[in-house]
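Reading the structure
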Amino acid sequence: MRPGLRWEHGVLALGLGLLAFGHYQGLFVAPREAMMGDVGRILYVHVPTAWVGLLTFSWVFVAAIGSLWSGSMKWDAAVEATAEVGVVLCSLLLVQGSIWARPTWNVWWTWDPRLTTTAVMAISFVVVLILRRVIDAPARRLTVSAVASIVAFVNVPIVYMSVKWWRTLHQPFSSPETVDSPMVTPLRIAAFGMLFLSIALCTLRWRIAHKRLAAEAEAPELPPEQPQLTLPDEVS
Amino acid sequence: MNPTQRRLFLVGALSVAGVGLGVVAFGNLGESLVYYWDPTQLVEAGDKAEGATVRLGGVVETESVVWVEEANELSFQVADAKHSVAVINRGAPPQMFREGIGVVVEGTMGADGVFQSDRLMVKHSNEYRAPEEGTESADLYATVEDM
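Residues numbered from 1 in each chain as written. Chains lettered and ligands numbered in written order. Predicted model: local features only at pLDDT ≥ 70, side-chain atom pairs only at ≥ 80, totals over all residues. Heavy atoms only, no water.

1. Some words on the packing of helix H5 (residues 138–153) of chain A against helix H6 (residues 155–165) of chain A
Residues and elements named next belong to chain A.
- For the pair H5 and H6, interaxial distance at closest approach is 5 Å and the crossing angle is 20°. The pairing of H5 with H6 is recorded here as roughly parallel in orientation. Residues Val-151, Ala-152 and Phe-153 of H5 pack against Asn-155, Val-156 and Pro-157 of H6. (Axes fitted to C-alpha atoms, helices over the stretch in contact; angles between N-to-C directions. Helix = DSSP H or I, 4+ residues; strand = E, 2+ residues; numbered from the N terminus. Parallel < 35°, antiparallel > 145°, perpendicular 65-115°, else oblique. Contact = heavy atoms within 4.5 Å.)

Written as structure tokens, this is what we have:
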């Protein structure tokens, strides 16, 4: 193995490879959707993003519990990493959904329960990231962001169940019974691609977060983002 | 912050989360969180529904669609299992609009019993099917019946 190359780089390559293959299948091999035509192919992007986005937010929940239980920097870094990747996925999800909604539903956005809860979910995890940015004291940051993550997580099962609990414009769950088999395969491949991509991104981001937290612990009075001013030597 | 305090925060956060989820899941929020009314609810509300801006959701009745291009008006019946409501929507029918499809319209119920809509949204089911020869779109939307 080359120096600097870690297991997550392999997972990243696998994820990107599966995504490329799954999307190739979805765009060129799978049949057009009967009602939506080619527009329906966004299914292969949107559904994996949704599944993996919700899964990533559940990792934030696990990391937040670990963080409060142990007080360890490793868990704290995991909260930061997974929350950030989750926010990226959730933002992508909202944009993709909007792009899909316009030609099928005839609107870019509507305040139906699925869309509303998803927007709240995105905002609440953005709040977690903001809290981590504005709190300087490490122990306080760990506690506050972990508590905020656990509270924000409440919404994740609600987002998932919203299409079952309430009337929505958004369609209910898709399953292999409601998706024709030539469409299931590219969907599964893309979903695994997205899963590996998220695992790799979370791991890479975790290493950065952990390094920063470790540096901060060594020099607590000097946060790493703040460059030290060096005065020029005396000019004679 | 000592470990005991931190773990108390953990218990507190989990309790808040658990109660929050419980309220939403079992608190019958469905009653107050209605995204759209179905035709039966709108018909049963009678006069009370008049004038208020609401959403109405149901299935576009077969052979009820009339598109008047000069007036820029699309009229159709939105039905559920029991009732059917006449709807007039301003604007051209969207691409996905057809008979037998699920729709949600935004607008007001008139005194004449006609729902004046200014936004027409088409509901897609969770079924993704490859096109088949001679398949009726209504069959593909069978699942909107229980939406």
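What follows picks up the thread again.
2. Details of the pattern of salt bridges
- Under the defined criterion, the tally for this structure stands at 13 salt bridges over all chains.
- Two residues, Arg-167 of chain A and Asp-38 of chain B, come together in a salt bridge whose shortest N-O distance is 2.8 Å. Of the two residues, Arg-167 of chain A sits in the loop between H6 and helix H7 (181–218) while Asp-38 of chain B sits in the loop between helix H1 (3–26) and helix H2 (39–45), which places them in two different chains.
- A salt bridge links Arg-55 of chain B to Glu-106 of chain B; its shortest N-O distance comes to 2.9 Å. (Salt bridge = Lys/Arg side-chain N within 4 Å of Asp/Glu carboxyl O.)

3. Some remarks on empty space enclosed by the protein
Residues and elements named next belong to chain A.
- Going through the model one piece at a time under the given rule, you end up with one cavity of 30 Å³ or more.
- Of the pockets and cavities examined, the largest cavity occupies roughly 30 Å³.
- Taken together, Pro-31, Glu-33, Gly-40, Arg-41, Leu-43, Tyr-44 and Met-183 make up the full set of residues lining the largest cavity.
- The residue inventory of the lining of the largest cavity, partitioned by class, reads four nonpolar, one polar and two charged. (1 Å grid on protein atoms, 1.4 Å probe; cavity = no way out; pocket = protein on both sides within 12 Å on 5 of 7 lines; lining within 4 Å. Points joined across faces, edges and corners; volume = space filled by probe spheres on them. Nonpolar A, V, L, I, M, F, W, Y, C, P; charged D, E, K, R; others polar.)

4. Description of the interface of chain B and chain A
- Residue-level contacts link 46 residues of chain B with 47 residues of chain A.
- For the pair chain B and chain A, the summed buried area comes to about 4100 Å², and 65% of that belongs to carbon and sulfur atoms.
- There are two salt bridges connecting chain B and chain A.
- Seen at the junction of chain B and chain A, the total is 21 residue pairs in polar contact (both at pLDDT 80 or more).
- Put simply, the parts of the chain that give the side of chain B that touches chain A at least two residues each are H1, strand S5 (102–109), strand S6 (114–123) and helix H3 (137–140) of chain B.
- It is H1 of chain B that provides the largest number of residues to the side of chain B that touches chain A, a total of 12 residues.
- Looking at the side of chain B that touches chain A, its residues break down into 28 nonpolar, eight polar and 10 charged. (Buried area = accessible area lost by both parts, 1.4 Å probe. Polar contact = N/O pair within 3.5 Å; in protein donor to acceptor, adjacent residues only side chain to side chain.)

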